[in-house]
Amino acid sequence: MGLTNRYATLSALLMMLALLLGGCQSLNTEPENSLYQQLGEREGIANVVEDLLYLIVEDERINQQFKGMDVAQFHRNLTDQLCELSGGPCAYTGREMRKLHSDMAITDTQFNALAENLILAMEKNDIPTGAQNRLIKQLVPLYPDIRNL
């Protein structure tokens, strides 16, 4: 399967997963600029990232990829990145995604496991399904850089 087909397939699978988790609730009529507010602004995003970190530690599919990382820096950078992607006033100043992940050899399974854990963390924080879907839509374009394709 070619790179374009693989990327399209994964994108479709992630969107289908988000839609299946949310059913009809995924048809969000809120204006696009409210995603940051729906995520609970910076504090809500930081809470989601904290819960995501706990899920990562417990997930044998991906926890080895995160062994030895600076947890505080990871939390700060991912919070800033999600805040920026959601239209918030934050600025992500961490490393470029391709460079950051270049030596990790991340698999589709690992990428999808992290996406699944992010959804679980958002659900734990009562993030509306439509907002979850919109955030995932913002993250899907990062796939080729994270996978180094």
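So, here's what we can say about the structure. Given the structure is predicted, the values throughout are model-derived calculations rather than measurements. Residue numbers run consecutively from 1 along every chain, following the written order of its sequence. Side-chain atom pairs in this predicted model are given and counted only at pLDDT of 80 or more, local residue features only at pLDDT of at least 70, and totals for whole chains, interfaces and linings cover all residues. Here the side-chain values reflect all heavy atoms present in the structure, with hydrogen atoms and water set aside.

### Section: the overall build of the chain
- Along the chain, the regular secondary structure elements total eight helices and zero strands.
- Secondary structure is summarised from DSSP: a helix means a run of H or I of at least four residues, a strand means a run of E of at least two, and numbering begins at the N terminus for each. Secondary structure of the chain in N-to-C order comes out as α-α-α-α-α-α-α-α.
- Each residue is assigned to one of three classes by its accessible area relative to the maximum for its type, calculated with a 1.4 Å probe on protein chains only: buried under 20%, partly exposed between the two thresholds, exposed over 50%. Split into buried and exposed, the 149 residues of the chain put 42% on the buried side.
- Residue pairs at least 24 apart in sequence account for 78% of intrachain contacts in the chain once pairs closer than 6 positions are excluded.
- Accessible surface computed for the chain: about 8,500 Å², of which carbon and sulfur atoms make up 56%. The criterion used for residue contact is that any of the two residues' heavy atoms lie within 4.5 Å. What sets the accessible areas is the Shrake-Rupley method with a 1.4 Å probe; for residues, cover comes only from the shown protein chains.

### With respect to the packing of helix H3 (residues 41–58) against helix H6 (residues 108–124)
- Axes here mean lines fitted to C-alpha atoms, for a helix over just the part in contact, with angles spanning 0 to 180 degrees between N-to-C directions. Where H3 contacts H6, the axes come no closer than 8 Å and their chain directions differ by 130 degrees. As the angle between them shows, H3 and H6 are arranged oblique. In terms of crossing hand, the pair formed by H3 and H6 is right-handed. Contacts between H3 and H6 involve Val48, Asp51, Leu52, Leu55 and Ile56 from the first element and Leu114, Asn117, Leu118, Leu120, Ala121, Met122 and Lys124 from the second.
- Lys, Arg, Asp and Glu make up the charged group, whereas Ala, Val, Leu, Ile, Met, Phe, Trp, Tyr, Cys and Pro make up the nonpolar group; the residues left over, Gly among them, are polar. Its residues assigned to classes, the contact of H3 with H6 shows nine nonpolar, one polar and two charged. An angle below 35 degrees is read as roughly parallel, one above 145 as roughly antiparallel, one from 65 to 115 as roughly perpendicular, and any other as oblique. For any pair of crossing helices, the crossing counts as left-handed if the nearer helix is rotated counterclockwise from the farther one by less than a right angle, and right-handed if it is rotated clockwise.

### Focus: the pattern of salt bridges
- We count a salt bridge whenever a side-chain nitrogen from Lys or Arg sits within 4 Å of a carboxyl oxygen from Asp or Glu. This model, assessed by the stated rule, comprises five salt bridges.
- Across the pair Arg147 and Asp108 runs a salt bridge, and its minimum N-O distance is 2.4 Å. Taken together, the positions of Arg147 in helix H8 (residues 143–147) and Asp108 in helix H6 put the pair 39 residues apart, joining distant regions of the chain.
- Residue Arg147 is classed as buried on the basis of its relative accessible area, which comes to 18%.

All we've got here are geometric facts, nothing functional implied.
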